[in-house]
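# Structure assessment
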Amino acid sequence: MFSVFSKLTWFFKEHWKRYSIAIFALIIVNILEMIPPRLLGITIDLIQFNELTSRRLTQILVTFFVIIIVKYFVMLIWDINLFVGAVILERKLRSKVMRHLLKMNPRFYSKNRSGDLMARSTNDLKSIMMTAGFGVMTLFDSTVLMVFIIFVMGFSISWPLTFTALIPMPFIALAMQKYGQAIHQRFTEAQTAFSEMNNYTLESIRGVRVVRAFVQESHDRERFAQITETVFKKNKSVAELDALFDPTIKILVGLSYTIGLGYGTFLVINDQLSIGDLVTFNIYLGMMIWPMIALGHLINVLQRGHASLDRVEKILAQKPDVTDPEQPKSISTPEVIGFNRVSFSYPGTEENQLKQINLTIYRGETIGVVGKTGSGKTTLFKQLLRDYLPPKGELTINGIEIDQFTLEETRSWIGYVPQEQILFSKTIRENLSFGTGPISDQAINQILTSTSLKSDIDALPKGLDTIVGESGVTLSGGQKQRVSLARALLVDPEILILDDSLSAVDGETEATIIEHLKKERTNKTTLISAHRLSAVKHANQIIVLDDGKIIEHGTHDELMVLGGWYQEQFEIQQMERKVSE
Ligand code: ADP
């Protein structure tokens with residue numbers, strides 16, 4: 001159970017000063033705690049033997065007062081140090097989890113669902129923080145205080161009385177251990193249920209339009225009610241166990257009291273103990289209730305923290321598939337991209353989704369990648385993005401295997417515009433400057449013209465400063481695609497990948513954008529996949545993919561002569577255009 005502390009040792013070591021100050025302050029507080037009951041006992045005995053002078057009474061009262069004040073300040077030092085430490089730990093873990101999440105590849109995200117990851121990064125981190133704050137506080141507070149009280153009771157009053165009164169202690173320890181184990185299990189279950197609920201909520205909200213369109217609201221509500229019922233039940237079972245802690249401790253402490261009072265009175269009658277001592281002893285016993293209850297809470301909090309830390313560590317323990325090489329190579333500009341008999345299959349699939357791809361791309365070229373849906377266009381691009389382990393065969397940049405570069409270097413060359421757009425709930429300006437940092441209005445305006453966005457943006461209520469996404473204006477699919485394209489163009493990457501990223505844009509606008517692209521990317525490499533073949537007509541090389549293989553390769557003119565899939569599709573599309581015109 002205490003292993004949660006050993007797992008957090010790195011943190012306590014890093015912040016040893018803070019924790020030393022806190023613990024030192026705590027010991028002082030506990031020493032101070034011992035004095036008032038003793039003063040009370042002394043006063044009673046002085047009264048009993050008629051020895052109490054007003055001078056002594058004043059002395060006693062002043063001491064009392066001073067102790068209260070000093071205790072106030074020392075406790076403040078202790079609390080601040082400890083709880084600020086806990087907040088720091090929470091922040092550290094949170095950044096660690098976030099950094100980790102940013103490093104992970106698609107395989108990780110297909111295995112771990114967002115709601116669950118969110119639960120772990122919020123709820124579980126909170127409970128770890130409780131362990132580092134309240135847990136550490138109680139651990140020291142209760143054990144140090146208890147040891148102090150036992151010693152003071154033994155040495156200053158009577159060891160036999162102390163031991164007798166403490167007979168119920170081992171039973172308390174036993175009960176706590178039993179409850180602790182159960183709490184760990186039940187709390188893990190409750191957190192898992194919470195993750196499940198998070199997932200469900202997230203999906204329902206994201207898919208709210210589909211839910212409505214299919215009139216599934218009542219079914220969705222029912223399902224949600226079931227899930228919340230499970231969360232309720234699991235948490236209720238944690239709460240039921242929680243509730244057992246205090247009463248159990250109180251019963252056993254009550255027993256201690258009974259024994260202490262009975263045996264103590266017997267000692268007083270036999271003149272082995274003064275009445276003052278008996279009163280002091282009982283106050284000390286009373287003071288044991290808090291640390292005992294605190295110990296119960298401690299076990300509770302520790303087990304929760306432990307369960308949560310396990311859950312967070314399970315995420316942290318998953319390593320990214322693709323990592324940087326130990327001795328990375330570096331180049332100034334990617335001049336040649338080479339695919340030499342490259343084959344690739346997604347993890348968990350038997351078949352190759354790319355088969356023996358041969359392709360050489362020189363800097364400044366535009367490459368058109370076309371083919372039926374599912375033919376492997378995106379998969380081909382993903383090889384350059386390095387989302388997965390390197391493919392079979394040779395994928396090189398300037399003759400160097402792609403996995404010899406750091407991920408950061410490879411990605412710094414590439415601007416990727418997928419078909420599925422993600423815009424952040426920020427202003428359009430912020431979305432556009434996402435990859436570049438603040439940029440001039442002139443640069444933005446130029447890009448808006450290149451992407452045929454100018455009139456669309458001008459029509460928005462606040463122009464560039466309109467907030468889009470969940471908390472703002474909803475853009476059309478085509479507008480979103482063009483904003484993402486503009487975002488990638490602003491970075492002016494060495495290699496720009498447009499992965500069917502103009503699918504929601506009409507033909508005419510697409511033609512204008514392609515015209516601009518041709519002009520603006522003369523010395524840079526551009527890879528375009530599209531359904532409308534007119535978008536790749538101008539490319540230096542066009543490849544046609546079918547079932548992961550290149551079945552046609554050449555320029556537009558060459559492919560038109562070849563008379564294969566490309567020529568056929570091109571003519572069908574020309575005809576369709578004429579008809580619609
Ligand atoms: P395209 O972009 O040409 O439409 P994709 O490259 O997306 O095609 O897909 C090529 C093939 O790979 C398809 O058969 C698809 O089902 C499969 N595929 C795509 N993504 C994955 C994945 N993450 N895991 C397994 N198979 C995948």
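Residues numbered from 1 in each chain as written. Predicted model: local features only at pLDDT ≥ 70, side-chain atom pairs only at ≥ 80, totals over all residues. Heavy atoms only, no water.

Looking up the protein in an unreviewed UniProt entry gives the name ABC transporter transmembrane domain-containing protein, with the organism given as Amphibacillus indicireducens. According to its UniProt record, the protein has this under Subcellular location (unreviewed entry): "Cell membrane". (UniProt positions renumbered as here; feature names shortened; annotations may be inferred.)

### Overview of the overall build of the protein
Helix and strand counts for the protein stand at 20 helices and 10 strands. The globule rule puts the C-alpha radius of gyration for 581 residues at 25 Å, and the 36 Å found for the protein is more than 25% above it. For the protein, the spread of C-alpha atoms along the principal axes amounts to about 120 × 50 × 45 Å. Per-residue burial over the protein gives 46% buried out of 581 residues. Counting only contacts in the protein whose residues sit at least 6 apart along the sequence, the fraction spanning at least 24 positions is 79%. Within the structure as shown, the protein displays about 29,800 Å² of accessible surface, and the carbon and sulfur contribution to it stands at 60%. (Helix = DSSP H or I, 4+ residues; strand = E, 2+ residues; numbered from the N terminus. Rg over C-alpha atoms; globule rule 2.2 N^0.38 Å. Buried < 20%, exposed > 50% of the residue type's maximum accessible area, 1.4 Å probe, protein only. Contact = heavy atoms within 4.5 Å. Areas by Shrake-Rupley, 256 points an atom, 1.4 Å probe, with all protein chains shown as cover.)

### Let's talk about helix H18 (residues 507-520)
One turn of an α-helix holds 3.6 residues; hence residues three or four places apart share an orientation. Given a rise of 1.5 Å per residue, 14 residues ought to cover 20 Å, and the 20 Å separating the end C-alpha atoms of H18 matches this to within 8%. Within H18 the residues assigned to the buried category are Thr-509, Glu-510, Ile-513, Ile-514 and Leu-517. The buried residues of H18 occupy an angular sector of 135 degrees when projected down its axis, which confines them to one face. Opposite its buried face, H18 presents the exposed residues Glu-508 and Lys-519, each directed more than 90 degrees away. Looking at the buried side of H18, the elements it contacts are helix H15 (441-450), helix H17 (477-491), strand S7 (495-499) and strand S8 (525-529). (Expected span 1.5 Å × (residues − 1). Arc of directions from axis to C-beta.)

### A look at a positive patch on the surface
On the surface, Lys-96, Arg-99, Lys-103 and Lys-319 cluster together into a patch of positive charge. Taking relative accessible area as the criterion, Lys-103 reaches 52% and is therefore assigned exposed. (Patch = residues over 30% accessible without salt bridge, like charges linked within 9 Å, V, L, I, M, F, W, Y side chains within 5 Å. Salt bridge = Lys/Arg side-chain N within 4 Å of Asp/Glu carboxyl O. Lys, Arg positive; Asp, Glu negative; His and termini not counted. Charge placed at Lys NZ, Arg CZ, Asp CG, Glu CD.)

### So, the pairing of strand S10 (residues 549-554)
By the bridge criterion, 5 bridges tie strand S9 (residues 541-546) to S10 in an arrangement that is antiparallel. Residue Ile-542 lies in a different strand from S10, and its bridge partner there is Gly-554. Linkage of S9 to S10, two consecutive antiparallel strands, is achieved through a turn of 2 residues, within which Asp-547 is found at a positive phi near 50 degrees. (Pairing = 2+ DSSP bridges.)

### Digging into a nonpolar patch on the surface
The grouping of Phe-65, Ile-68, Ile-69, Tyr-72, Phe-73, Leu-76, Ile-80 and Val-84 at the surface amounts to a nonpolar patch, some 780 Å² of accessible area in total. Tracing the backbone shows Val-84 in helix H4 (residues 54-103).

### Considering the environment of Arg-429
If you trace the backbone, Arg-429 turns up in helix H14 (residues 428-432). Classification of Arg-429 by relative accessible area gives partly exposed; the value is 25%. Distance from Arg-429 to Arg-120, taken between C-alpha atoms, is 33 Å for residues 309 residues apart in sequence. Once residues lying within four places of it in the same chain are set aside, the contact partners of Arg-429 are Asp-441, Ile-444, Leu-464 and Asp-465.

### Description of the sheet that holds strand S5 (residues 400-401)
Here 4 strands make up an open sheet; going across it, the order is S2-S1-S4-S5 and the pairing antiparallel. Of all strands in the sheet, those with a lone pairing partner are strand S2 (354-362) and S5, marking the two edges. In the sheet, strand S1 (residues 336-344) pairs with S2 via 6 bridges, with the strands oriented antiparallel. Note on S2: the bridge partner recorded for Phe-344 is Leu-354. Sheet strands touched by helix H12 (residues 377-385): S1, S2 and strand S4 (392-397). Its angle to S1, the strand with the most contacts, is close to 120 degrees. (Axes fitted to C-alpha atoms, helices over the stretch in contact; angles between N-to-C directions.)

### Re the site of the ligand
Around the ligand, the surrounding shell consists of Tyr-346, Thr-349, Gln-353, Lys-372, Thr-373, Gly-374, Ser-375, Gly-376, Lys-377, Thr-378, Thr-379 and Tyr-388. Contact distances for the ligand include 2.7 Å between an oxygen atom and a side-chain N or O atom of Thr-378. Burial of the ligand by the protein amounts to 60% of the accessible area it has alone, namely 560 Å². Partitioning the shell around the ligand into residue classes produces 2 nonpolar, 8 polar and 2 charged. (Near = heavy atom within 4 Å. Polar contact = N/O pair within 3.5 Å; in protein donor to acceptor, adjacent residues only side chain to side chain. Nonpolar A, V, L, I, M, F, W, Y, C, P; charged D, E, K, R; others polar.)

### Some thoughts on the sheet that holds S7
The sheet built from 6 strands is open, its strands ordered S6-S7-S8-S3-S9-S10 with mixed pairing. Two strands in the sheet have a free side with no partner beyond their single neighbour: strand S6 (414-417) and S10. Strand-to-strand, the axes of this sheet are offset by a mean angle of 15 degrees, without reference to chain direction.

### Topic: the packing of aromatic side chains
Taken as a whole and assessed by the stated rule, the structure comprises 19 aromatic pairs. Note on Phe-344 and Tyr-346: the rings are 5.2 Å apart at their centroids and 80 degrees apart in plane angle, and the pair reads as edge-to-face. Ring geometry for Phe-405 and Trp-413: centres 5.2 Å apart, planes at 80 degrees, overall edge-to-face. Of the two residues examined, Phe-405 and Trp-413, each falls in the buried class. (Phe/Tyr/Trp six-rings, centres within 6.5 Å; stacked < 30°, edge-to-face > 60°.)

### Some details on the nonpolar core
Ranked by size, the top nonpolar core spans 38 residues in total, and within it Ile-428, Leu-432 and Tyr-566 carry the most contacts. Of all elements in the fold, only H14, H15, H17, S7, H18, S9 and helix H20 (565-580) reach the threshold of two or more residues within this core. The biggest single contributor to this core is H17, with 6 residues. For Leu-432, the residues in contact, after removing those within four places along its chain, are Ile-444, Leu-448, Leu-464, Val-483, Ala-486, Arg-487 and Leu-490. Leu-89, Leu-93, Leu-101 and Met-137 belong to the second largest nonpolar core, which has 36 residues in total. (Core = buried A, V, L, I, M, F, W, Y, C linked by side-chain atoms within 4.5 Å.)

### Some points on the pairing of strand S3 (residues 366-371)
A large share of S3 lies buried, amounting to 6 of its 6 residues. What you see with S3 is no split at all: Thr-366, Gly-368 and Val-370 on one side and Ile-367, Val-369 and Gly-371 on the other are buried throughout. The pairing of S3 with S8 spans 4 bridges and is parallel. Its bridge partner being in S8, Thr-366 is matched across the sheet by Thr-526. Strand direction decides the pairing type here: S3 and S9, joined by 5 bridges, are parallel. Residue pairing in the sheet places Gly-371 in a bridge with Leu-545 of S9.

### Points about the pattern of salt bridges
Pairing between side chains of opposite charge can happen when the charged atoms of each approach one another. Within this structure, the stated rule accounts for 29 salt bridges. Close ionic contact of Arg-94 with Glu-90 constitutes a salt bridge, the shortest N to O distance being 3.2 Å. On the criterion of helical spacing, the pair formed by Arg-94 and Glu-90 is a turn pair, its members being 4 residues apart in helix H4. Here Glu-90 falls in the buried class, since its relative accessible area comes to 8%. In this structure, Arg-363 engages Glu-335 in a salt bridge whose closest nitrogen and oxygen atoms are separated by 3.9 Å. Within this pair, whereas Arg-363 is found in the loop between S2 and S3, its partner Glu-335 is found in the loop between helix H11 (275-316) and S1, the two being separated by 28 residues in sequence. Residue class for Arg-363 comes out partly exposed when judged on its relative accessible area of 32%. In the salt-bridge network here, residues are joined through shared partners; they are Lys-7, Asp-310 and Glu-313.

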